[in-house]
Each structure stands twice: as structure tokens, then as C-alpha cells.
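# Residue-level structure breakdown
Here is how the chains run, residue by residue.
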Amino acid sequence: DQQYVVQNGEIVIVDEFTGRMMVGRRWSEGLHQAVEAKEGVQIQAENQTYASITFQNYFRMYGKLAGMTGTADTEAYEFQEIYRLETVVIPTHRPMIRIDSQDKVYRTLNEKYTAIIDDIKDCVERGQPVLVGTTSIENSELLAGLLKREGLPHQVLNAKQHAREAEIIAQAGSPQVITIATNMAGRGTDIVLGGNVEKQVQFVEAEPDIADAAKAPRIDKLRNEWQSLHDQVVGAGGLKIIGSERHESRRIDNQLRGRSGRQGDPGASRFYLSMEDSLLRIFAGDKMKAIMDRLKLPEGEAIEAGMVTRSIESAQRKVEARNFDIRKQLLEYDDVANDQRREIYRLRNDILETDNTGEMVTNLRTGYFTDMFRAHVPAESVEEQWDIGGLEAALANDWQLHVPLKGALEANDALTDEDLLAKVLKAADESYEAKVAIVGRDSFSGFERSIMLQSLDQAWREHLTALDALRQGIHLRGYAQKQPKQEYKREAFELFGSLLDRVRADVVRVLMNVRIQTQEEIQQAEQLIEAESERRVEQARAQHSEFGLGVSDEPVAVEAMTLPDSEEGTARPAVQQVRRLGEKIGRNDPCPCGSGKKYKLCHGKL
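Residues numbered from 1 in each chain as written. Predicted model: local features only at pLDDT ≥ 70, side-chain atom pairs only at ≥ 80, totals over all residues. Heavy atoms only, no water.

Our next topic: the overall build of the protein chain. From N to C terminus, the protein chain includes 18 helices and 12 strands. Counting all 606 residues of the protein chain, 39% fall into the buried class. When contacts within the protein chain are restricted to residue pairs at least 6 apart in sequence, long-range pairs at least 24 apart make up 67% of them. When the accessible surface of the protein chain is split by element, carbon and sulfur atoms take 50% of a total near 35,400 Å². (Helix = DSSP H or I, 4+ residues; strand = E, 2+ residues; numbered from the N terminus. Buried < 20%, exposed > 50% of the residue type's maximum accessible area, 1.4 Å probe, protein only. Contact = heavy atoms within 4.5 Å. Areas by Shrake-Rupley, 256 points an atom, 1.4 Å probe, with all protein chains shown as cover.)

If you want it as C-alpha cells, here you go:
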């Protein structure tokens, strides 16, 4: 009930700034699965990142940037530093008459909550509506329990009640109404003093149980009553904002205060804090405790002074500066990935938009076989350094290309390495074009595009995972007197180079090894696969005695083997050995189905 909620047997993350549920979002690196195990719900598989981008780089993609918000002033430095945007403060349309009281700081949480309940009681007696802001769902439900114990009717608005949000907000400005809310009600909600009559009219019009004839008088009554309710709330001092805790960000606190005193309406706000609050405990604890001890305050007495409020705001500024440094550092690392991201998506768009995939495949194939050739025949080397036999074997075994390079050299001593490379590329081109000719260029073009996209997407997903792992441990390079950011840039560049090489190799391997089959060949391959499956079943039956022997009627070759007697002198039963009738398919051989994959990765996958 702080960082997440359990809903419908699932863990749903709650945004700490907005207080809203982020459906479909999951933590990574096994954290979400650990929380699912802790809460006893079904553990789901780890998500794989398909694409990622920081908000900063996403917004930078726009040609022009501008925005309007009531709380931008505290973040002006970050707007200037990250987006090069100047922040301009515009005066309010009407004078702001809300009374923002000094914070009250108590020694313990119990003292703080007691003071909050007393303040709420005072407001209700005077007919003043109250909005109580909390930082988590847990705290909102704790306060709701305290109010229930005191017999004070109230409404709770948090991520669990988001379906009733509009209804709760519509009534939040009515006299004596108490609303407890997380940050959901602290952002962009307009609480009308006296209640939002237009929303109430919409609810009446949408109510199916009320007859159409009875709706009009009820709507007229609501409109007539609203003015008197509005005047009553204004006379009581407007909407009272009570903050049960300071948020890490001053902007969130300002948003909560901004629910009151809108458009020149009266209002009031006050924050109640305790020395046990996380913000004070971590950032302002020692100084505040010293003040408490020096003053020797009795239980239930609060500190209320401008110095205390300034000390708390100073602690908030420390947290904001730390969070800004984290965001800035994340952006510097993401800038590296951003350049790679642009290149990948440019390649992807080229593949999708091109009318001639054959030219792209030819470039990939030429590059791959050139590198393969140079691995056996280095550039600017003498003939004695050439591994022609190894090159011929690699071409024949891996690519089914039989190029007599050694014979050509023996027949013509004047051949250069460039001539041999031309022969290899010509053989690869002819083998490939023969496959394309069977089905036609138009039909094969779609297959080429599909393979290139599939290989690129798979490699990019793996690359994102590798970059995440690299970023998590790169700070350790500092112990070796190396600059972590420079090391990250260098290694990320090397990873990206290997990504492009891997994509090229995968595309060329699949397209060169794919077998174009007729319908008759496909049927024969299916029969062969079926026979291999039956053979595996028979072999399993022969190896496991509990299945018995000879239970199948399928024809298999069986050879009886005589075993010596056991030590006790009793005869041991003979073991029957099953022999293969068809030709064996090796695990690394191309699969008979014609997919171009190895048998162990296709129909022979265990």
C-alpha cells in the first residue's frame, strides 16, 4: 500500500508522485517476481524490454517545447539545464488570499495524528470542508481508521478507489465534507466550494433509476441550493488543506496547497510533521532533535516557527538536488544509447520502406563473405599465408558452396586474392539467385524483409539487456582510476558493432541456408519427421522398463543381447536394442523442414 497494491491477484505499481496505479508496468531484474512471491500471488514471467527511452530524450524529439504549470518555478534550474527552457512566472488572475500557516512539528507520529484529528474536528464544527493529503495509500487508510474511530464521516481517495474519483472530487468542496487523498487529488483537480453542481447534474442525468420526469425538478433544486452552500463554505474560511507529511519534492506540496484558494477564493493550509517522518529522520533529524531537547517541550506540544519550516524546505532542496543529479546522470548514459537508437530505427525504417530488399541483402551478403574470405586470406599477404583448404571446407560445410579455389590457383598462378574473392562472391550470388528464381523476386522479397526485421529486433532487445547490465556495474571502473562514463561509451560502441555484425550474420545464414521446397518435398519431409518422432518414442519405451517391451506394432529393428548371469546365479532378462531404420539426422544438420535452421533448434529441439 505504498509502492504497490494487490488487485485481482496481481501486483500493480503505484506512482509515488501521482498516486495513481500504473497498470501493465512491471519492475525488472526479478524484483516484481520477488514481490509476487511475498504477496502469495501467481508469479509471472519476466518482461523483456523491446524499446526504451528517457523522458528527456523523448521530449527533445519535438521541434518546439513549451508548457504551463503552477509549480514550475521550483524546477526552473532543471528546465534550463536539460531543455534550455526559460521559466516565466505569470501573476495570478485574482489576488491569492489563501492563508498558508507555518508547519507544526511534533515529537512522535501519535502526537501528530492526534493534532490532525483535532484540527479536522474544529473544521467540521465550523462547516468548513477539509482535504487531507497523504504520501501513501497506507497512510491514507491509517487516517481513515482514526476518523472512523472518532465517528467522523469521510471519503478516501487513493489508487484503490480511482473508479469513484470524479464523484468524490465533486463533493469535496461541500460543507463539513472530509476527504482523505493521496497525490491523486493534489494534481489538476478543481474542487469547487459548495460542491461541483455541474458534476452532480451529470450524475443525476446518468442515473437510470430516476424517471425522466423527476430529473428536471431535482436538477433545478441542486442549482438553487448550490449558491447558499457556496456562501456557507466561503463564510467558514474556504477549503482547508491539511498535509500529513512533507513530500520529498516541494513541487508536490505546492500542488496540494494549490487545491485551495483558487480564483480568489478564501482557503487555508497547514502541514503537520513529526520527528519520525522519513524526510525529517534522514535529512533534518539531528538539528530538529537538538531544538526539541533544548526547548524541553511537553508531550503534545508542537514547534511552530519560520526557522523550522525553512529547515524542512532546505532538506527538501537536498533531496531535489540529489534526484536531479540522478536524472542528469541517467540522461548522460542514455545519450549514448540514444545515438544507437536513432541508427537502429533508421535501419528499420529503411527495411520497411524500401522497394528493393534484394539490394540490401546483396550488400549484407557481400560484406559477410568478404569478411569470411579475409579471415582465411588476409589482405596484403603472400600466398604462403593463405588458408585455401580451410576456406573451401568452411564454404562447403556451412554454406553448401563448392568453389574449387585450390584447383583454380594450380591452373593459373597469376590469380590474386581479389580474383579468388570475386569467385567466392559469384558462387554465393548464383546460389542465392537460384533460390529466388524458384519462387520469384516479388514473393521472396517479403520473406527477406521479414527475416531482416526479425533479426534486427531480436538483436536490439538483447543489446538493450546488455546495456542495462553494463550500466549497473560500470561505476566499479572508478576503482581502477578510469572514468566510468568514458568506459561506458567505449564498451557500448563495441557492443553496437557486434550487434550489427550479428544481425548481418543471422540474415545471411538464414537466407543462404533456406531451402525452397515443392509440395511433394514438404510431404516427404513431414513423413521423415514423423518417422523420427516414432523412433524416439520406441527408443524411450525400450530404455524404460516400466513401459514394457514390444508394446508397439510399428516395425523397428531389434537385436537381442545375451547378458551373463547375476551374482546370485539367477538368469537376467535379455535387453533388446533398438536400431534406426532411416538415415540419422545430425543435431547440427539443416532441419528437413526447410526452415534453414539447425535440426537441434527446430524440429529436433528437446
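The subject of this paragraph is the sheet that holds strand β2 (residues 10-14). With respect to topology, three strands assemble into an open sheet ordered β1-β2-β3, the strand pairing being antiparallel. Across the chains shown, the open sheet's two edge strands, defined by having one partner strand only, are β1 (4-7) and β3 (21-22). (Pairing = 2+ DSSP bridges.)

Moving on, we come to helix α1 (residues 31-39). Inspection of α1 places His 32, Gln 33, Val 35 and Glu 36 among the buried residues, and these make up the whole buried set. Around the axis of α1, the buried residues are gathered within 160 degrees of arc, so they sit on the same side. Tucked into the core, α1 has its buried residues touching β1 and β2. Among the residues trailing α1, Gly 40 stands out with phi positive, at a value near 75 degrees. (Arc of directions from axis to C-beta.)

So, about unusual backbone geometry. Within the chain, Arg 84 stands out as a residue other than glycine whose phi angle is a positive 60 degrees. As for its placement among the helices and strands, Arg 84 is situated in the loop between α3 (76-83) and β4 (99-100). Looking at Arg 84, the relative accessible area reads 61%, which means it is exposed. Even without a glycine there, the phi angle at Glu 380 is positive, about 55 degrees. Tracing the backbone through its elements, the reader meets Glu 380 in the loop between α12 (357-376) and α13 (388-399). Residue Glu 380 is classed as exposed on the basis of its relative accessible area, which comes to 84%.

Here the focus is helix α7 (residues 197-206). Along α7, the positions that sit buried rather than exposed are Val 197, Gln 200, Val 201 and Val 204. Down the axis of α7, the buried set is contained in an arc of 105 degrees. They therefore lie on one face. Each element contacted by the buried residues of α7 is listed here: α6 (165-171) and α8 (212-235).

In terms of nonpolar packing, the biggest core is built from 44 residues, with Phe 369, Leu 395, Trp 399, Leu 401, Leu 420 and Met 512 touching the most fellow members. Leave out the neighbours within four places in its chain, and Trp 399 touches Tyr 368, Phe 369, Met 372, Ala 394, Val 508, Arg 509, Met 512 and Asn 513. Ranked by size, the runner-up nonpolar core spans 21 residues in total, among them Tyr 106, Ala 115, Ala 144 and Leu 147. (Core = buried A, V, L, I, M, F, W, Y, C linked by side-chain atoms within 4.5 Å.)

Throughout the structure, instances matching the rule amount to 34 salt bridges. One network of salt bridges, with partners in common, ties together Arg 98, Asp 100, Asp 103, Arg 246, Asp 253 and Arg 257. (Salt bridge = Lys/Arg side-chain N within 4 Å of Asp/Glu carboxyl O.)

On the surface, a cluster of positive charge is made up of Arg 509, Lys 597, Lys 598 and Lys 605. Assignment of secondary structure puts Lys 597 in the segment after β12 (575-579). (Patch = residues over 30% accessible without salt bridge, like charges linked within 9 Å, V, L, I, M, F, W, Y side chains within 5 Å. Lys, Arg positive; Asp, Glu negative; His and termini not counted. Charge placed at Lys NZ, Arg CZ, Asp CG, Glu CD.)

Glancing now at the pairing of β2. Taken across its five residues, β2 has four buried, putting it largely inside the fold. Sheet analysis places β1 next to β2, joined by four bridges and oriented antiparallel. Bridge pairing in β2 links Tyr 4 to Ile 13. In this structure, the hairpin formed by β1 and β2 is closed by a connection of two residues, where Asn 8 is found at a positive phi of approximately 55 degrees. Direction of pairing for β2 relative to β3: antiparallel, over a ladder of two bridges. Residue Ile 13 lies in a different strand from β3, and its bridge partner there is Met 22.

Moving on: a nonpolar patch on the surface. The grouping of Ile 53, Phe 55, Tyr 58, Phe 59, Met 61, Tyr 62 and Leu 65 at the surface amounts to a nonpolar patch, some 720 Å² of accessible area in total. Examined against the element boundaries, Tyr 62 turns out to sit in the loop between α2 (55-60) and α3.

What the rule picks out here adds up to 14 aromatic pairs. Ring plane angle 65 degrees and centroid distance 5.4 Å describe the contact between Tyr 368 and Trp 399, whose orientation is recorded as edge-to-face. Taken together, the positions of Tyr 368 in helix α12 and Trp 399 in helix α13 put the pair 31 residues apart, joining distant regions of the chain. Note on Tyr 368: relative accessible area 22%, which makes it partly exposed. Here the aromatic residues Phe 55, Tyr 58, Phe 59, Tyr 62, Phe 79 and Tyr 83 are joined through ring pairs into a cluster of three or more. Over the aromatic face of Tyr 113 sits the side chain of Lys 112, whose NZ or CZ is 5.1 Å from the ring centroid. Looking at Arg 246, its charged tip hangs above the ring of Phe 271, at a distance of 4.9 Å from the centre. (Phe/Tyr/Trp six-rings, centres within 6.5 Å; stacked < 30°, edge-to-face > 60°. Lys NZ or Arg CZ within 6 Å of the ring centre and 35° of its normal.)

Taken N-terminus to C-terminus, the directions of helix α11 (residues 306-353) and helix α16 (residues 441-473) make an angle of 175 degrees; their axes are 10 Å apart at the nearest point. On the basis of the axis angle, α11 is roughly antiparallel to α16. Residues Leu 330, Tyr 333, Ala 337, Gln 340, Arg 341, Ile 344, Tyr 345, Leu 347, Arg 348, Ile 351 and Leu 352 of α11 form the contact with α16, whose own contacting residues are Arg 449, Met 452, Leu 453, Leu 456, Asp 457, Trp 460, His 463, Leu 467 and Arg 471. Broken down by class, the residue content of the contact of α11 with α16 amounts to 13 nonpolar, two polar and five charged. (Axes fitted to C-alpha atoms, helices over the stretch in contact; angles between N-to-C directions. Parallel < 35°, antiparallel > 145°, perpendicular 65-115°, else oblique. Nonpolar A, V, L, I, M, F, W, Y, C, P; charged D, E, K, R; others polar.)

Where helix α4 (residues 109-125) contacts helix α5 (residues 137-149), the axes come no closer than 11 Å and their chain directions differ by 60 degrees. The orientation of α4 relative to α5 falls into the category oblique. In this structure, the crossing between α4 and α5 has a hand that is right-handed. Counting all contacts with α4, which are made through Tyr 113, Ile 116, Ile 117 and Ile 120, the residues of α5 involved are Asn 139, Leu 142, Leu 143, Leu 146 and Leu 147. (Left-handed = near helix turned anticlockwise from the far one by under 90°.)

Looking at the element boundaries, Met 307 is found in helix α11. Owing to a relative accessible area of 48%, Met 307 belongs among the partly exposed residues under this scheme. For Met 307 and Gln 102, which are 205 residues apart along the polypeptide, the C-alpha to C-alpha distance reads 9.7 Å.

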